[in-house]
Amino acid sequence: SSWGGSVLRIKDKYVMFAAEMTNECTLRHWTTNSEVVLAVADTPTGPYKEKFQVIPPWAHNPEAILTPDGTIVVYTLGWGLPVHGPPVNCAGAPSPPPPRPPTPPPAPPGTFHDVHFLIRHAPADKYDEPSAWQAFNTSIVDFPAEFKFPGNWNPAPVALPDGRVRIMVHTGWSGTGSGTTLGWSGEVIVEAPTWKGPYRMISSKDITNCTKCEEDPFMWVDKRNNWHVIYHRMFDNSTGPSPSPSAEGDWSGGHSYSADGLHWSPITRCYNTTVQLVDGTHVTFNSRERPKLLVGPDGVPTHLSNAVQPFQTAGPDSGVTHTLVVPLAME
């Protein structure tokens with residue numbers, strides 16, 4: 001099983017960095033068995049052929065950028081360390097999912113600290129050489145401790161022409177109740193002069209306008225230098241204008257825009273869980289998450305990549321998930 005992938009065009013190839021579950025496991029063991037693999041295709045929609053592992057478990061939700069100095073940099077949730085326990089072997093009898101790590105108590109407001117994370121990088125002209133991939137330790141300086149880094153930080157980086165890298169960071173949930181009084185689950189912006197860091201927060205405490213209703217941001221800049229982000233918009237069951245705390249619904253994608261990348265519009269719906277096929281039929285998935293775009297050099301998105309989960313409750317493929325890339329009809 002795989003769960004989403006980030007695609008770059010490198011020369012005449014399309015290179016995907018995908019989250020894949022090791023040892024024949026499904027997504028239910030993502031906290032122990034998720035690794036990042038590199039796969040290559042001749043077209044954006046594939047088929048992609050897996051080449052090698054880039055980051056061992058535990059690493060999840062990879063997002064790759066190509067920087068002006070010709071470096072591919074991969075940001076992930078988790079950095080190749082088995083922080084939730086060793087990978088499970090699912091090849092034999094089914095095993096129960098691993099326990100989730102305990103949630104630490106929220107830090108007092110106003111507490112700041114430096115947080116460190118690993119990124120993987122390689123020269124773009126050597127992406128297909130396993131030995132070219134190296135780890136680099138960088139940091140976010142003076143990051144609010146109440147955001148519980150790394151948590152589910154799901155980084156969404158953008159490489160800017162002058163070498164700066166700006167990242168939208170998904171913050172952790174603080175508090176146990178609902179509403180912004182007791183906590184939040186939103187996004188902030190950090191930036192560094194180069195991909196090597198250090199990064200610093202340059203936005204307000206929370207740039208989103210809803211609480212615990214979105215995750216998995218992907219951010220980009222269009223040809224007019226406007227900023228955009230798409231999210232997995234959770235719990236949107238299509239019965240009203242706002243998400244509700246129910247199961248995944250018909251609408252799963254949200255879009256927001258900004259003139260400066262710091263002050264953002266309200267999130268609006270942009271895609272649902274149904275995919276149109278080339279033969280005229282369609283497939284509706286149980287879940288469609290981890291949105292990422294393949295953006296052309298003119299800043300126009302051409303393809304959407306998602307992690308998808310079919311409606312399968314029994315049989316050998318129960319729990320199997322996929323990574324799906326579809327072309328976009330742009331006007």
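Starting afresh in each chain, residues are numbered from 1 along the sequence in its written order. The predicted nature of this model means local features are confined to residues of pLDDT at least 70 and side-chain atom pairs, given and counted, to a pLDDT of 80 or more, with totals for whole chains, interfaces and linings taken over all residues. Note: side-chain values were computed over all heavy atoms of the structure, leaving out hydrogens and water.

> Lay out the nonpolar core with the relevant residues and their values.
Formed by 22 residues in total, the largest nonpolar core has its most connected members in Y75, F117, I140, F143, F149, W153 and Y199. Segments assigned H or I by DSSP are reported as helices when at least four residues long, segments assigned E as strands when at least two residues long, and all are numbered from the N terminus. Among the elements of the structure, β6 (71-77), β7 (112-123), β8 (134-144), β10 (165-170) and β11 (187-192) are those that each provide at least two residues to this core. Once you skip the residues sitting within four places of it in the chain, I140 turns out to touch H113, D114, V115, F117, F149, W153, V190 and Y199. Counting residues in hydrophobic clusters, the runner-up holds 19 residues, among them F52, V74, Y127 and W133. As used here, the term nonpolar core means buried Ala, Val, Leu, Ile, Met, Phe, Trp, Tyr and Cys residues forming a set that is joined through side-chain atoms within 4.5 Å. Remark: exposure states derive from per-residue accessible area (1.4 Å probe, protein chains only) relative to the maximum for the residue type, with buried under 20%, exposed over 50%, and partly exposed in between. In what follows, a contact means two residues having at least one pair of non-hydrogen atoms within 4.5 Å.

> Outline the layout of surface pockets, supporting the account with residue identities and numerical values.
Its volume calculated, the second largest pocket comes out at about 960 Å³. Lining the second largest pocket are 35 residues, and of these L66, A159, V295, G296 and P297 lie nearest its centre. If you list the elements that add at least two residues to the lining of the second largest pocket, you get β1 (2-10), β5 (60-66), β9 (156-159), β13 (214-221), β19 (287-295) and β20 (301-309). Only Asp, Glu, Lys and Arg are considered charged, only Ala, Val, Leu, Ile, Met, Phe, Trp, Tyr, Cys and Pro nonpolar, and every remaining residue, Gly among them, polar. The class makeup of the residues in the lining of the second largest pocket is 22 nonpolar, 7 polar and 6 charged. Lining residues are those with an atom within 4 Å of a point, where the points come from a 1 Å grid over the protein atoms alone and group into cavities, where a 1.4 Å probe fits but cannot get out, or pockets, open sets with protein on both sides within 12 Å along at least five of seven lines. Grid points are joined across faces, edges and corners, and a volume is the space filled by probe spheres set on the points.

> I'd like a description of the packing of aromatic side chains, backed by residues and values.
Working definition: rings of Phe, Tyr and Trp (its six-membered ring) pair if their centres are within 6.5 Å, and the pair is stacked with planes under 30 degrees apart, edge-to-face with planes over 60 apart, and tilted otherwise. A complete count under the given rule lists 11 aromatic pairs for this structure. Judged by centre distance (4.9 Å) and plane angle (70°), the ring pair of F149 and W153 falls under edge-to-face. On the accessibility criterion, F149 (14% relative accessible area) is buried. By way of ring pairs, the aromatic residues W79, F117, F143, F147, F149, W153 and Y199 are connected into one cluster.

> Could you give an account of the state of the cysteines, naming the residues involved and the relevant values?
In this description, the term disulfide denotes a pair of cysteine sulfurs within 2.5 Å. The final tally for this structure, using the stated rule, is 1 disulfide. In this model C25 forms its disulfide with C90; the gap between the sulfur atoms is 1.9 Å. Across the S-S bond linking C25 and C90, the dihedral sits near 90°, which makes this disulfide right-handed. With C25 in the loop between β2 (13-21) and α1 (30-33) and C90 in the loop between β6 and β7, this residue pair connects regions lying 65 residues apart in the sequence. Each member of the pair C25 and C90 is classed as buried.

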